[in-house]
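Residues per chain, in single letters:
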Amino acid sequence: MSDPKILASRFPADFTFGVATAAFQIEGAARQDGRRPSIWDAFCAMPGRVHNGDTGEVACDHYHRLDEDLDLIQSMGITAYRFSIAWPRILPEGTGRINEKGLDFYDRLVDGCKARGIQTFATLYHWDLPLALMGDGGWTARSTAYAFQRYAKVVMARLGDRLDSVATFNEPWCSVWLSHLYGIHAPGERNMEAALAALHTTNLAHGLAVEAIRHVAPKVPVGIVLNAHSVIAGSDSAADKAAAGRAFDFHNGAFFGPVFNGEYPASLLGALGERMPTVEEGDLSIINQKLDWWGLNYYTPMRVSDDPSKGAEFPATKPAPFVSQTVTDIGWEVFAPALGALVEDLYEAYDLPPCYITENGACYNMEPVDGVVDDQPRIDYYAQHLQVVADLAQAGFPMKGYFAWSLMDNFEWAEGYGMRFGLVHVDYGTQVRTLKKSGAWYSKLISDANARIT
Ligand code: GCO
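Along each chain, the written sequence defines residue order, and numbers are assigned to residues from 1. Only residues with pLDDT of at least 70 get local features here, since the model is predicted, and only at 80 or more are side-chain atom pairs given and counted; chain-wide, interface and lining totals rely on the full set of residues. Side-chain numbers come from the whole structure's heavy atoms, not from hydrogens or water.

### Re the site of the ligand
Stated formally: Any residue with a non-hydrogen atom lying within 4 Å of a molecule or strand is treated as near it. Two N or O atoms form a polar contact when they lie within 3.5 Å of each other; inside protein one atom must be a possible hydrogen donor and the other a possible acceptor, and for residues adjacent in sequence the pair counts only when both atoms belong to side chains. In this description, accessible areas are obtained by the Shrake-Rupley approach with a 1.4 Å probe, and a residue is regarded as covered only by the protein chains that are shown. Amino acids are sorted into nonpolar (Ala, Val, Leu, Ile, Met, Phe, Trp, Tyr, Cys and Pro), charged (Asp, Glu, Lys and Arg) and polar (every other residue, Gly among them).
The ligand sits among 13 residues. The nearest are Q25, N170, E359, E412 and W413. H126 is positioned with one of its side-chain polar atoms (N or O) 2.8 Å from an oxygen atom of the ligand. Y299 is positioned such that a nitrogen or oxygen atom in its side chain is 3.1 Å from an oxygen atom of the ligand. Relative to its free-state accessible area of 310 Å², the ligand is covered by the protein chains to the extent of 96%. Residue composition of the shell around the ligand, grouped by class: 6 nonpolar, 4 polar and 3 charged.

Below is the structure:
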């Protein structure tokens with residue numbers, strides 16, 4: 001089942017296979033060449049927020065090892081790289097002056113990819129908001145949407161001639177709900193009003209950025225990356241099924257609704273509308289623009305049951321038990337069929353363009369033994385999920401590509417360096433990179449896919 005050759009033969013001829021990373025998780029060089037702090041630098045400095053007190057100061061030192069890391073991607077035969085751009089390198093205060101040295105770094109990154117035959121899939125926002133913008137309220141302030149539009153314009157004016165694709169946001173669910181409602185990610189708020197404000201600012205910022213991108217670099221395909229949740233009811237009871245419906249609206253509809261259908265879900269407005277910030281005339285048409293593609297990040301299903309307790313906040317659900325016995329080292333259930341059902345449900349509910357799986361992967365923390373990292377469970381995970389993507393493509397869904405998360409082990413947000421998702425192992429003491437068994441497997445899959453075409 002995990003024979004790369006058989007798997008490769010199931011994908012469309014023009015299907016893209018790539019790897020993904022994000023700036024704060026790999027770059028390090030936090031104070032170099034004019035970069036100023038982001039909300040994640042500040043969050044890491046708060047006691048108790050990040051496992052082990054880990055920070056992004058050094059990370060994988062990618063900022064200094066750019067060429068070596070691009071060589072690594074090339075040596076694996078990978079021809080598409082999804083990376084993010086750090087807003088605090090480009091506009092260190094979020095607005096105002098442009099930092100040319102920050103732009104120079106991404107210039108070198110993009111040129112380095114091109115020279116190696118690697119396509120460039122850039123993400124503008126992967127959670128590193130310039131800290132200075134928190135003075136105005138960060139994502140809870142409408143002004144941040146306009147700051148983001150300007151940032152998008154500055155980046156595209158410099159790199160737009162060489163990018164193969166651009167995404168506005170990565171996983172707004174995380175930078176909205178996880179960051180402002182659940183308090184797990186920076187800035188660590190637990191406040192529904194703040195979260196609803198961040199929700200609308202983020203959606204608006206997406207739409208404003210799409211306008212800017214199309215104006216400055218009209219040839220670059222533009223999309224958004226969403227970690228849609230495959231919501232599964234914990235039982236067949238009417239209460240649990242209704243709970244799953246509410247959860248779908250809250251976790252998916254709050255983003256997909258305005259972006260793809262031009263409206264917030266009725267259930268969300270009914271329950272929380274009065275606590276939302278003003279949705280101004282014209283906002284929804286700015287947010288709802290036809291995109292060239294959308295990206296799905298998928299790891300694990302979300303099983304929910306009804307939470308009948310009095311005063312339970314919408315969507316009033318609680319976690320239901322896992323069904324699959326397989327769980328990764330970060331505690332996430334492995335259940336590939338949920339990926340297929342999710343894509344089907346989303347195409348049914350929303351007017352969606354072609355899809356890239358922009359992230360998928362598994363956390364397993366095996367270390368090298370005599371120079372070998374034997375991470376067979378990660379290979380099994382990739383094989384199972386890629387089978388589902390192939391099934392979707394064969395069933396006629398417009399699946400365009402797949403990016404493994406991640407190229408290499410990196411800073412796993414609130415989990416610090418403890419949780420490893422890489423195809424390549426990183427020794428954080430020496431910065432030595434070691435290709436894992438899964439990395440070799442993925443590489444073989446790609447060469448088999450290419451051999452079949454040429
Ligand atoms: C995400 C992320 C990554 C995480 C990965 C594993 O977008 O959630 O892009 O930053 O590292 O999802 O949790």
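### Comments concerning the packing of helix α9 (residues 192-216) against helix α10 (residues 238-261)
How two helices sit against one another is set out by the angle between their axes and by the gap between those axes. Filter applied, for reference: Interaxial angles span 0 to 180 degrees and are taken between N-to-C directions of axes, which are lines fitted to C-alpha atoms, for helices over the stretch in contact. Numbered from the N terminus, helices here are DSSP runs of H or I no shorter than four residues, and strands are runs of E no shorter than two. Two helices crossing with the near one rotated counterclockwise from the far one by less than a right angle form a left-handed crossing, whereas a clockwise rotation gives a right-handed crossing. Whether two residues are in contact is decided by their heavy atoms, any of which lying within 4.5 Å being enough.
Two elements in contact, α9 and α10, have axes whose closest approach is 10 Å; the angle formed by their N-to-C orientations is 35°. Read as a crossing pair, α9 and α10 show a hand that is right-handed. Contact residues: M192, L199, N203 and H206 in α9; F250, A254, F255, P258 and V259 in α10. Grouping the amino acids of the contact of α9 with α10 by side-chain chemistry returns 7 nonpolar, 2 polar and no charged.

### Some remarks on empty space enclosed by the protein
We count it as follows: A 1.4 Å probe that fits but cannot get out identifies a cavity on a 1 Å grid over protein atoms alone, an open set with protein on both sides within 12 Å along at least five of seven lines counts as a pocket, and a residue lines either if it has an atom within 4 Å of a point. Grid points are joined across faces, edges and corners, and a volume is the space filled by probe spheres set on the points.
Applying the stated rule across the entire model yields 5 cavities of 30 Å³ or more. In this structure, the largest cavity spans a volume of roughly 50 Å³. Along the walls of the largest cavity sit A23, F24, E27, G28, A30, R35, D41, G56, A86, R89 and D128, which together make up its complete lining. Here the residues of the lining of the largest cavity are counted per class, giving 4 nonpolar, 2 polar and 5 charged.

### Considering the nonpolar core
The following threshold applies: By convention a nonpolar core is built from buried Ala, Val, Leu, Ile, Met, Phe, Trp, Tyr and Cys residues, the set being connected through side-chain atoms within 4.5 Å. A 1.4 Å probe rolled over the protein chains alone gives each residue an accessible area, and that area as a share of the maximum for its type sets the label: buried under 20%, exposed over 50%, partly exposed in between.
With 159 residues, the main nonpolar core has W40, W177 and Y442 as its most contacted residues. Top element by residues in this core is α9. It accounts for 11 residues. Beyond its immediate sequence surroundings of up to four residues, W177 is in contact with P172, Y182, A195, L196, L199, F250, H251, A254 and F255.

### Brief notes about the pairing of strand β2 (residues 80-84)
Inclusion rule: Only strands that DSSP links by at least two bridges are regarded as paired with each other.
Of all the 5 residues making up β2, 5 are buried; the element is thus mostly covered by neighbouring parts of the structure. Alternating residues of β2 divide into A80, R82 and S84 and Y81 and F83, and every residue in both groups is buried. Relative to β2, strand β1 (residues 16-20) is paired through 2 bridges, and the arrangement is parallel. Residue pairing across strands places V19 opposite Y81, the latter belonging to β2. Bridging between β2 and strand β3 (residues 119-125) involves 5 bridges; their strand directions are parallel. Residue pairing for β3: R82 is matched across the bridge by F121.

### Comments concerning the state of the cysteines
Here is the rule: The definition used for a disulfide is geometric: two cysteine sulfur atoms within 2.5 Å.
Applying the stated criterion to the full structure yields 0 disulfides. With no disulfide partner, C44 has as its closest neighbouring cysteine sulfur the one in C60, 14 Å distant. C44 gets classed as buried once you look at its relative accessible area, which sits at 7%. Unpaired in this structure, C355 has its nearest cysteine sulfur neighbour in C174, at a distance of 17 Å.

### Section: the packing of aromatic side chains
Where we set the bar: Under the pairing criterion, centres of Phe, Tyr and Trp rings, with the six-membered ring standing for Trp, must be within 6.5 Å; the plane angle then separates stacked pairs below 30 degrees from edge-to-face pairs above 60, leaving the rest tilted. Charge-over-ring placement is defined geometrically: NZ (Lys) or CZ (Arg) within 6 Å of the ring centre, and within 35 degrees of the ring normal.
For the coordinates displayed, the defined rule picks out 49 aromatic pairs. Considering the side-chain rings of Y81 and F83, the 5.5 Å spacing of their centres and the 35° angle between planes classify their relative orientation as tilted. Exposure class is identical for Y81 and F83. Each is buried. Through successive ring pairs, a cluster of aromatic residues spans F24, W40, F43, W127, F411, W413, Y417 and Y428. Here R303 stacks its cationic end above the ring of F335, 4.8 Å away from the centre of that ring.

### Let's talk about the pattern of salt bridges
The following threshold applies: We define a salt bridge as a side-chain nitrogen of Lys or Arg found within 4 Å of a carboxyl oxygen belonging to Asp or Glu.
Following the criterion strictly, the structure yields 34 salt bridges and no others. A salt bridge links D164 to K114; its shortest N-O distance comes to 2.9 Å. Placement of the pair is D164 in the loop between α7 (143-159) and β4 (165-170) and K114 in helix α6 (residues 100-115), with a sequence separation of 50 residues. One salt bridge in this structure joins R142 and D283, with 2.9 Å as the shortest N-O distance. Here R142, found in the loop between β3 and α7, pairs with D283, found in helix α12 (residues 283-287); they are 141 residues apart in sequence, far enough to count as distant. Given the relative accessible area of 25%, R142 is considered partly exposed.

### Structural notes on the environment of F121
Locating F121 in the fold gives a position in strand β3. Given a relative accessible area of 7%, F121 falls into the buried group. For the pair F121 and T430, spaced 309 residues apart in the sequence, the C-alpha separation amounts to 29 Å. The residues touching F121, leaving out its near neighbours within four places in the chain, are A80, Y81, R82, F83, S165, Y356 and F403.

### Quick word on the sheet that holds strand β8 (residues 302-306)
In any sheet, the strands associate via hydrogen bonds between backbone groups, in a parallel or an antiparallel arrangement. What the 3 strands build is an open sheet, ordered β6-β8-β9; its pairing is mixed. Here the strands that pair on one side only, and so sit at the sheet edges, are β6 (231-233) and β9 (317-319). Averaged over all adjacent pairs, the angle separating strand axes in this sheet is 45°, with direction ignored. Across 3 bridges, the pairing between β6 and β8 is parallel. Residue V231 lies in a different strand from β8, and its bridge partner there is M302.

Read these as geometric descriptors, not functional statements.
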